[in-house]
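Descriptive analysis of the structure
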There are 2 protein chains.
Amino acid sequence: MKLVAIGGSDAGISAALRARELDPGADVTVVVADAYPNFSICGIPYYVSGEVTHWRNLAHRTHADLEATGTTLRLDTLATDIDVDGKRLVVRNPDGSTDALAYDALVVGTGAVPAVPPIDGLASLGPADGVHLLHSMGDTFALTDALERIEPRTALIVGAGYVGLEMAEGLTARGIAVTQVERLGEVLPTVDEELGAIVRDELVERGVDVRTGATVTSIGTTGSGLRVDGRTDDGETVGWDVDLVLVVVGVRPDTDLLVRAGAETGPGGAVVVEESMATNLPYVWAAGDCVVTHHRQLGTTYLPLGTTAHKQGRVAGENALGGAARFAGSVGTQVVKVFDVVAARTGLREHEARTAGFAPVSTTVAVDDHKAYYPGATPITIRITGDAETGRLLGAQLVGRRGAEVAKRVDTYATALFHAMTVADLTALDLAYTPPLGSPWDAVQMATQAWVAEHQRDAERAALAATR
Amino acid sequence: MKLVAIGGSDAGISAALRARELDPGADVTVVVADAYPNFSICGIPYYVSGEVTHWRNLAHRTHADLEATGTTLRLDTLATDIDVDGKRLVVRNPDGSTDALAYDALVVGTGAVPAVPPIDGLASLGPADGVHLLHSMGDTFALTDALERIEPRTALIVGAGYVGLEMAEGLTARGIAVTQVERLGEVLPTVDEELGAIVRDELVERGVDVRTGATVTSIGTTGSGLRVDGRTDDGETVGWDVDLVLVVVGVRPDTDLLVRAGAETGPGGAVVVEESMATNLPYVWAAGDCVVTHHRQLGTTYLPLGTTAHKQGRVAGENALGGAARFAGSVGTQVVKVFDVVAARTGLREHEARTAGFAPVSTTVAVDDHKAYYPGATPITIRITGDAETGRLLGAQLVGRRGAEVAKRVDTYATALFHAMTVADLTALDLAYTPPLGSPWDAVQMATQAWVAEHQRDAERAALAATR
């Protein structure tokens, strides 16, 4: 049994590790395009900030750790073609030569590439000019080199999603004055604006110049740095002179290899896979940021996340050996720390739920993370979205202070969504309480109870009246 | 509709609040034995420690808050007899007079009283001597008075359960040298000894003199303080001269009122109730520490907890009005903070599971709370117990540092238990990840995966081999 996996990030490595743990006799090779197998892409902002002291520490596992599992790594090796009928993967080796690797099963985890917004001048600028994308370790080194070379006093970040926010923190930590420009109306557009506003307040408090509702239209070099121009939603022109520009506006699936081999694509242009992670190509599985995401509420969508890539890769690795595993589906759980604020979400927001055919209604509350009488209590703003007809929980969004256990409180909602619980039924969950860390009805439950009070109390009263 | 609730703590108040929110026309009276309705008993250690600056802050709601819900409070009023046939509750008023309160429905939440261990001399000593129990606000004031009067330099705490540990921290915070004596082999006997040992290390680190496997046999006064004598499990005699003794070895249900009215008792001597919280007495419901606990894994047991009392009281209040609510059952979720260590558990430990007819096997791991490359990662020791035959999760115990989100990580296990998940299926949960706060497989999942690796890997491999 010869398994070849493409991709040194979450999906490819997870597939290889799962295959080796289930069949220690399997011949498993991972083809890695660069020299950085199993690196934590999510950790890059913390290396740029200086909090991670050496880039090698970003590796989930070292090269030696990986080889100790019995997996063979081919680094700096590019998968160029899949010979589907011949069950061979053509690769270009570091020395420029090519090989055709025979396989019994292929798992493709080519991941994603940075999205590049339509900004005049961007295509012709690069790290040498102080203009950066940020996705790979190569991008990372280009950026850290630039930080040392240019010693920027000012930087402009295009985008205020997860990576953009983390980089705003990271560059601020390096003493750089950051301007953050976001096309949409609020930072962190993956949560509702009333929650994103709390994150914005933290950014502003920490000195970040936040410009939302503004689109960057051009970037150019000046004698002494970079000129960035744009316009606001109101039609005003805006512009900044900065030393460094970072463009982080999301990713798109890297499907070229699979598409050339005949793979079908679906939502977001990602490769279509079954819940088994099988593609439409025989003996070819795929996982991670290059494939569509099975979502327990939405069906098939595209939602690239490291957690999902790990799960999908694991399923692909098992099935490539002949297993019958199924990816159980995402509920879109995400969390980000921005300075001392933590924002998390799981499930659907109203507009997403409505598009998916639900009847969403929401309630927002601010509840203490623990009993107010114990020192240090801080409010967590929680927005619950539930279905007006079925009462089912559809989603939850939370923003609170670091230390308020927001990142793991969202997990209770995620687990409730996994089991399709009603909002009302969360009151039945036996959650932990001690005054320094919670409340008899946990913040999680105070929020769902507020939703019930707003949207179901009349029905509760009517039901009770009917029984008497 | 006239509802009378007995008890100003979690169960009675929750019943009253639920009744009023479901039927704003209901006539709801709560009979409270003391002057402290809706006080947080769990917060007492933090008032004694000085962290809660005024005892009034311990109230979940003020007297005015409660009255604003339309609930009538009768404080300092003792329920002395239930006239079941006449549907009247006899009470003794603050002035010594008696009243008979007619009711359509009665909810009894008399709670629990401190267990008193068989220690020679204990029965004849009290707060005047510096010997204290700790359960009510009255006990609390007696203790804080003694702390000011005696100004103890040394204290001995009998018991190392939740309250005992919190009080060890609280008295230490006041500069008192604490000796903690526990009959069993390790502190925090509600978790396995290998986890309790981590809590002990923290106590010792903070200067607490911990004596486990030691039983206090007598307490007496000396000219200058108190003499405590005991013996160890090895048969050695031990003794201490201290200024103050605190006896906190758990509680027993306060069932006197209900038993005299004809209520049946069950496990732990607690009053038997249905999942509707109905007693065997007509029109009488009961909830909280005075009743048995329906447990999703054990059936009927006795496990008095504030979280459970809130849920049971809420169910009782709804059903007393004619509703059809059911207490969904506890899974025994508990958490305690001891200095900077947090210990939590949910579900069953091996010996409990075995007694209940399961086939428990366990795995213990120490996993980082977040990615090690990000500063501040600390290990969480997690012990997973699962059923060897069905693969079902049976329980989880966690001990980690404050800040490691232990208190809310246990909630994911609690929610998984609520839904009777298998240990293996926890890998499918879509839990939140960002490097400063988690891992792509959360600590929760690293622990369940370790259990699977230890107890199911051979079966996984065999199943895969069978499909090929």
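Residues numbered from 1 in each chain as written. Chains lettered and ligands numbered in written order. Predicted model: local features only at pLDDT ≥ 70, side-chain atom pairs only at ≥ 80, totals over all residues. Heavy atoms only, no water.

Here we take up helix H10 (residues 406-418) of chain A. Over its 13 residues, H10 of chain A extends 18 Å from the first C-alpha to the last, a length consistent with the 18 Å expected when each residue adds 1.5 Å. Once H10 of chain A finishes, Ala-420 of chain A follows within two positions and takes phi at roughly 55 degrees, a positive value. (Helix = DSSP H or I, 4+ residues; strand = E, 2+ residues; numbered from the N terminus. Expected span 1.5 Å × (residues − 1).)

Okay, the sheet that holds strand E16 (residues 244-247) of chain A next. Sheet strands pair by backbone hydrogen bonding; their relative direction is either parallel or antiparallel. All names here are of chain A. Reading across from one edge, E9-E16-E10-E11-E12 is the order of the five strands in this open sheet, with parallel pairing throughout. Each having just a single partner strand, strand E9 (131-132) and strand E12 (209-212) make up the two edges of the open sheet. Strand direction decides the pairing type here: E9 and E16, joined by two bridges, are parallel. Looking at E16, one finds that His-132 is bridged to Leu-246. Along the sheet, helix H4 (residues 137-150) makes contact with E9 and E16, crossing E16 at roughly 165 degrees. Across the face of the sheet, helix H5 (residues 162-173) comes into contact with strand E10 (154-158), strand E11 (177-182) and E16 while running at roughly 165 degrees to E11. (Pairing = 2+ DSSP bridges. Contact = heavy atoms within 4.5 Å. Axes fitted to C-alpha atoms, helices over the stretch in contact; angles between N-to-C directions.)

Residue and element names in this part refer to chain B. As enumerated under the stated definition, the model contains twelve aromatic pairs over all chains in all. Look at Trp-55 and Phe-141: their rings are 5.2 Å apart centre to centre, the planes differ by 80 degrees, and that puts the pair in the edge-to-face class. In this pair, Trp-55 sits in the loop between helix H2 (44-48) and helix H3 (63-68) while Phe-141 sits in helix H4 (residues 137-150), placing the two residues 86 residues apart along the sequence. Overall, the relative accessible area of 18% leaves Phe-141 in the buried class. (Phe/Tyr/Trp six-rings, centres within 6.5 Å; stacked < 30°, edge-to-face > 60°. Buried < 20%, exposed > 50% of the residue type's maximum accessible area, 1.4 Å probe, protein only.)

Sites flagged by UniProt as "domain: Pyridine nucleotide-disulphide oxidoreductase dimerisation" (unreviewed entry) map to residues 335-438 of chain A. Taken end to end, residues 335-438 of chain A has its terminal C-alpha atoms 20 Å apart, with 18% of it in helix and 37% in strand. (UniProt positions renumbered as here; feature names shortened; annotations may be inferred.)

Right, let's get into the UniProt feature "domain: FAD/NAD(P)-binding" (unreviewed entry) in chain A. As recorded in UniProt, the feature "domain: FAD/NAD(P)-binding" (unreviewed entry) lies at residues 2-313 of chain A. Within the segment residues 2-313 of chain A, helix and strand shares are 24% and 29% respectively, and the terminal C-alpha atoms sit 17 Å apart.

Bringing the domain arrangement of chain A into the picture now. Residue and element names in this part refer to chain A. What the domain assignment lists for chain A is domain 1 (2-40 + 58-111 + 252-320), domain 2 (122-247) and domain 3 (340-462). Placing a centre on the C-alpha atoms of domain 2 and another on those of domain 3 gives a separation of 32 Å. Contact residues are listed per partner, giving twelve residues for domain 2 and 13 residues for domain 3. Counting each side, the surface lost to burial between domain 2 and domain 3 is near 1,100 Å², with a carbon and sulfur contribution of 53%. Looking only at domain 2, the three residues that lose the most surface to domain 3 are Asp-192, Leu-195 and Glu-202, adding up to 42% of its buried area. Measuring nitrogen to oxygen at the nearest pair gives 2.6 Å for the salt bridge that ties Asp-192 to Arg-349. At the surface where domain 2 touches domain 3, the tally comes to twelve residue pairs in polar contact (both at pLDDT 80 or more). Of the residues forming the side of domain 2 that touches domain 3, the biggest block, five residues, is contributed by helix H6 (residues 193-205). Class assignment of the residues belonging to the side of domain 2 that touches domain 3 gives a composition of seven nonpolar, one polar and four charged. (Domains from an automatic or database assignment. Buried area = accessible area lost by both parts, 1.4 Å probe. Salt bridge = Lys/Arg side-chain N within 4 Å of Asp/Glu carboxyl O. Polar contact = N/O pair within 3.5 Å; in protein donor to acceptor, adjacent residues only side chain to side chain. Nonpolar A, V, L, I, M, F, W, Y, C, P; charged D, E, K, R; others polar.)

Take the sheet that holds strand E25 (residues 393-401) of chain B next. Residues and elements named next belong to chain B. Taken in spatial order, the five strands make up an open sheet running E21-E22-E25-E24-E23, and their pairing is antiparallel. Of all strands in the sheet, those bounded by a partner on one side alone are strand E21 (334-338) and strand E23 (360-368). Going across the sheet, the axis of each strand differs from the next one's by a mean of 10 degrees, ignoring polarity. Pairing of strand E24 (residues 379-387) with E25 involves six bridges; the strand directions are antiparallel. When the sheet's bridge partners are listed, Thr-381 is paired in E25 with Val-399.

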